[in-house]
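Next come the chains, spelled out residue by residue.
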Amino acid sequence: MVAADKYPDNLMGRAGLCRDVILCAGALVLEGFRNNTGRSFSMKGPQDFLTETDAASEMMIRSAIAQHFPGDGFLGEEGGGEITDRLWVVDPIDGTANFARKIPHFCISMAYVENGVTELGAIYNPVADELYFARRGHGARLNDAKLQVSSTTSFDEASVEMGWSRRVPNETYLAAVANLLKVGANVRRAGSGALALAYVADGRSDAYVELHMNSWDCLAGLLLVEEAGGVVCPFLEIGTLAGGGAVLAATPAIASGVSIASGVPVTGNPLSNELFV
């Protein structure tokens, strides 16, 4: 039984709960992956997978938050929710298509938003046992190591991951890919936007861009990148918690170029087409 004061009603208490519950959810998801639970899936829409493990993971996280912080709101990919001033935004499995196809590239993503500002972000990859965690103003860490975005300065050596969404016309997506290739970047896609953002934070990738992304997929990762010294888009200004929006996160030297190539703004970066005249 958890002591009543283990998670005090403040940001530190919520940070402690976030770390504990995402690890518990990760253990549940990993068990489902190893036991082929994901093989039984349904489709929410074209290329939009749902497994029984998604629902179980979200229920575990939702229940823990309701137990310890009953006044907080909850917005989950599977069960939805009501947007409140103190809000948890959760994707119980990001990369469900990978999970369902036995590809070990997926994660759980959790963010805590207070008065419209993301204060906490956590992403856990249970297969690799990698826990990414950030608290605004306190940096970002991967397990016990402090994170720093890459030092890449040239597109000729840059690796950019780009997500895909059916909410955006294929022509727009392909034009953005073509622009990134034109300036020399390597463009790839691995199927988990949340992990892609985490990989920008730890320097494995140099940028991530997606022309439409849901809040539960990106809020934690955007905070990680920001706290690791990267440049991110003003997601909650150009998008919404309920409806999502465009996402960009990058190491500083190439952020402007990725922004121009994709059409996704970053703070303080007026867009132009000068690279593509």
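You'll find the structure just up there.
Cut-off values and rules
Residues numbered from 1 in each chain as written. Predicted model: local features only at pLDDT ≥ 70, side-chain atom pairs only at ≥ 80, totals over all residues. Heavy atoms only, no water. 1 Å grid on protein atoms, 1.4 Å probe; cavity = no way out; pocket = protein on both sides within 12 Å on 5 of 7 lines; lining within 4 Å. Points joined across faces, edges and corners; volume = space filled by probe spheres on them. Helix = DSSP H or I, 4+ residues; strand = E, 2+ residues; numbered from the N terminus. Phe/Tyr/Trp six-rings, centres within 6.5 Å; stacked < 30°, edge-to-face > 60°. Buried < 20%, exposed > 50% of the residue type's maximum accessible area, 1.4 Å probe, protein only. Lys NZ or Arg CZ within 6 Å of the ring centre and 35° of its normal. Contact = heavy atoms within 4.5 Å.

S.K.: Explain the layout of surface pockets here, please?
M.R.: Rolling a probe over the atoms, with the probe sized like a water molecule, indicates the empty space that remains. By volume, the second largest pocket amounts to about 280 Å³. Looking at the second largest pocket, it is lined by 14 residues, and the ones nearest its centre are Arg-136, Glu-226, Cys-233, Phe-235 and Leu-236. Put simply, the parts of the chain that give the lining of the second largest pocket at least two residues each are strand E7 (117–125), helix H6 (215–227) and helix H7 (235–238). Here the lining of the second largest pocket takes 4 residues from H6, the largest share from any one element.

S.K.: Please clarify how the packing of aromatic side chains should be interpreted in this entry.
M.R.: Here a ring pair, both rings aromatic, is described through the centre-centre distance and the interplanar angle of the planes. Overall, the coordinates contain 4 aromatic pairs when judged by the stated rule. Look at Phe-33 and Phe-106: their rings are 4.9 Å apart centre to centre, the planes differ by 55°, and that puts the pair in the tilted class. Placement of Phe-33 in helix H1 (residues 11–34) and of Phe-106 in the loop between helix H3 (96–100) and strand E6 (107–114) is noted, with a sequence separation of 73 residues between them. Exposure remark for Phe-106: the relative accessible area of 1% places this residue in the buried category. Taken together, a centroid distance of 5.1 Å and an interplanar angle of 85° make the contact between Phe-99 and Phe-106 edge-to-face. Feature note: the residues Phe-33, Phe-99 and Phe-106 constitute an aromatic cluster, connected by ring pairs. Seen from the ring of Phe-69, Arg-14 lies directly overhead, with NZ or CZ sitting 4.3 Å from the centre. Cation over ring: Lys-102 sits above Phe-33, and NZ or CZ is 4.0 Å from the ring centre.

S.K.: Mind showing me how you'd approach the environment of Ala-111 here?
M.R.: Position of Ala-111 among the secondary structure elements: in strand E6. It is 4.4 Å that separates the C-alpha atoms of Ala-111 and Gly-121, two residues lying 10 residues apart in sequence. For Ala-111, the contacting residues outside a window of four places in its chain are Leu-87, Trp-88, Val-89, Thr-118, Leu-120, Gly-121, Leu-219 and Ala-220.

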